[in-house]
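Descriptive structure summary
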Amino acid sequence: MDPLSDILGAVRLGGGVHFRCEFAAPWGMSMTATSDMPFHVVVRGNFWLRLADRDEPLALRAGDLVVLPHGGAHALLDSPDGAARPVEEVIAGQSLDHYGPVTNDGQGEPASILCGYFRCSRDSRHPVLAALPDVIHIRHSGRHDLAWLQTSLDFMIHETRTARPGAEAVVDRLVGVLFIQMVRAYVEQAEAPPGMLAAFADPQIGTALELMHRSPKDDWTLERLARRVGVSRSAFAERFVQLVGQTPMQYLTFWRMQLARKLLAESRLSTAAIAERVGYRSEASFGKAFKKAAGTGPGAYRRTTASTPGA
């Protein structure tokens, strides 16, 4: 499995679709900041996204996907200088069964929007997520290499419209696929992907990440990783910190703890077995490292996550 797939699995990424909107101008809808990662799919029409901390609104066109990875406050508007009502007022009194649709009483230009969210476990955010910008705008350019993204969007739109049996389960699974494809598209479109996103494309650092992800329990050292990727110890260490924001050994510990969290939350393996899987020779040394990273011991963490869905 590649590092990106590993990472997205470890953060227990989920999400869903809130509702569909079928608006006619004039309309405007504002959303407050959230710990989730909101996304909007422009099904039909052209409209605008206004961010709380930016002067200029962003023009959106049919087929576009826009994501706010850090959950910033924003508004969707029929015109650049339009007024927006809080989303709670817009949806008040409307049925959201089968995703709506949410409508208004305007008579102007129509717009159709799919409003959803991505969500990851609160205690396992990864540097990949931190490296994402405040807003990602994937334009519907008709490019062949983005056809798979459009296919996923079309499938999600279809499922929310038809409300066939099992539609919610299908949509929830599509959301996870959509997030991976969104990250891929962003990396491919960005001239210089920031932070850890750039690390995947770097020949030496990307290989080192793959090695650690493929065999997290191996006895990796700075010297051994540098030798495997074919660069000097000092050059490797400097480049790794520059792209990942941590030293190789810090990242290895971080990644082992991510895997441990996932195994504690989702498996019935003993703490000793989990310790071995993530590279610790004793249960005691693993417990000490886990408590330092998570603020609680493995047993307490397992009990908490078992009783707290989405923790």
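Structural data are supplied above this passage.
Residues numbered from 1 in each chain as written. Predicted model: local features only at pLDDT ≥ 70, side-chain atom pairs only at ≥ 80, totals over all residues. Heavy atoms only, no water.

1. Brief notes about helix α7 (residues 203-214)
Between its terminal C-alpha atoms α7 stretches 16 Å, which fits the 16 Å expected from 12 residues at 1.5 Å a residue. When we look at burial in α7, the residues that qualify are Ile-205, Gly-206, Ala-208, Leu-209, Leu-211, Met-212 and His-213. (Helix = DSSP H or I, 4+ residues; strand = E, 2+ residues; numbered from the N terminus. Expected span 1.5 Å × (residues − 1). Buried < 20%, exposed > 50% of the residue type's maximum accessible area, 1.4 Å probe, protein only.)

2. Thoughts on the packing of α7 against helix α9 (residues 233-244)
Between α7 and α9, whose axes approach to 10 Å, the crossing angle comes to 85 degrees. It follows from the interaxial angle that α7 and α9 lie roughly perpendicular. Between α7 and α9, the residues in contact are Ile-205, Ala-208, Leu-209 and Met-212 and Phe-236, Arg-239, Phe-240, Leu-243 and Val-244, respectively. The class makeup of the residues in the contact of α7 with α9 is eight nonpolar, no polar and one charged. (Axes fitted to C-alpha atoms, helices over the stretch in contact; angles between N-to-C directions. Parallel < 35°, antiparallel > 145°, perpendicular 65-115°, else oblique. Contact = heavy atoms within 4.5 Å. Nonpolar A, V, L, I, M, F, W, Y, C, P; charged D, E, K, R; others polar.)

3. A look at the sheet that holds strand β4 (residues 47-51)
Sheet strands associate in pairs through backbone hydrogen bonding, adopting either a parallel or an antiparallel arrangement. Read across the open sheet, the five strands follow the order β5-β4-β7-β2-β8; overall the sheet is mixed. Sheet topology places β5 (58-60) and β8 (85-86) at the edges, where each strand pairs with a single neighbour. (Pairing = 2+ DSSP bridges.)

4. A few points about the sheet that holds strand β10 (residues 110-119)
If you trace the six strands from one edge of the open sheet to the other, you get β9-β1-β10-β3-β6-β11, paired in mixed fashion. In this open sheet, the two edge strands, each paired with only one partner strand, are β9 (102-103) and β11 (136-138). In the sheet, strand β3 (residues 37-44) pairs with β10 via seven bridges, with the strands oriented antiparallel. Each bridged residue has a counterpart across the sheet, and for His-40 the counterpart in β10 is Cys-115. Strands in contact with helix α5 (residues 167-189) are β1 (14-24), β3, β6 (65-67), β10 and β11; relative to β11, the strand with the most contacts, it is inclined by about 90 degrees.

5. Some words on the environment of Val-42
Tracing the backbone shows Val-42 in strand β3. Residue classification places Val-42 among the buried residues on the basis of a relative accessible area of 2%. A C-alpha to C-alpha distance of 5.3 Å links Val-42 and Gly-63, two positions 21 residues apart in sequence. Each residue touching Val-42, except ones within four places of it in the same chain, is listed here: Phe-47, Leu-60, Arg-61, Ala-62, Gly-63, Asp-64 and Ser-112.

6. Let's talk about the pairing of β4
Of the two faces of β4, only one is covered, namely that formed by Phe-47, Leu-49 and Leu-51; the face formed by Trp-48 and Arg-50 stays uncovered. If you look at the hairpin formed by β4 and β5, you'll find six residues sitting between the two strands. Sheet analysis places β4 next to strand β7 (residues 74-77), joined by four bridges and oriented antiparallel. In the strand pairing of β7, Trp-48 is matched with Leu-77.

7. Quick notes on the packing of aromatic side chains
Under the defined criterion, the tally for this structure stands at 10 aromatic pairs. Seen in terms of ring centroids, Phe-118 and Phe-179 are 4.9 Å apart; in terms of plane orientation they differ by 75 degrees. Their pairing is edge-to-face. Of this pair, Phe-118 sits in strand β10 while Phe-179 sits in helix α5, placing them 61 residues apart in sequence. Each member of the pair Phe-118 and Phe-179 is classed as buried. (Phe/Tyr/Trp six-rings, centres within 6.5 Å; stacked < 30°, edge-to-face > 60°.)

8. Details of the side chain of His-213
Looking at the element boundaries, His-213 is found in helix α7. Dropping the residues within four chain positions of it, His-213 is found in contact with Pro-3, Asp-6, Ile-7, Tyr-251 and Trp-255.

9. Things to note about the environment of Phe-240
By the secondary structure assignment, Phe-240 is in helix α9. Overall, the relative accessible area of 0% leaves Phe-240 in the buried class. Linking Phe-240 and Leu-178, residues 62 residues apart in sequence, is a C-alpha distance of 29 Å. When near neighbours in sequence (up to four residues on either side) are disregarded, Phe-240 contacts Ile-205, Leu-209, Met-212, Gly-245, Gln-246, Thr-247, Pro-248 and Tyr-251.

10. Describing helix α8 (residues 222-229)
Of the positions making up α8, those classed as buried are Leu-222, Leu-225, Ala-226 and Val-229. The buried residues of α8 occupy one face: seen down the axis, they fall within an arc of 100 degrees. Those residues of α8 hidden inside the fold are in contact with α7, α9 and α10 (248-266). In the stretch just after α8, Gly-230 is the one whose phi turns positive, near 80 degrees. (Arc of directions from axis to C-beta.)

11. What about the pattern of salt bridges?
The full count for this structure, using the stated rule, is nine salt bridges. Asp-36 serves as the salt-bridge partner of Arg-119, at 2.7 Å between the closest nitrogen and oxygen. Here Asp-36 lies in the loop between β2 (28-31) and β3 and Arg-119 lies in strand β10, a separation of 83 residues in the sequence. Judged by its relative accessible area of 11%, Asp-36 is buried. Between Glu-210 and Arg-214 there is a salt bridge; the shortest N-O distance is 3.0 Å. Remark: Arg-214 and Glu-210 occur in helix α7; sequence separation between them is four residues, near one turn of the helix. One network of salt bridges, with partners in common, ties together Arg-20, Glu-22 and Arg-44. (Salt bridge = Lys/Arg side-chain N within 4 Å of Asp/Glu carboxyl O.)

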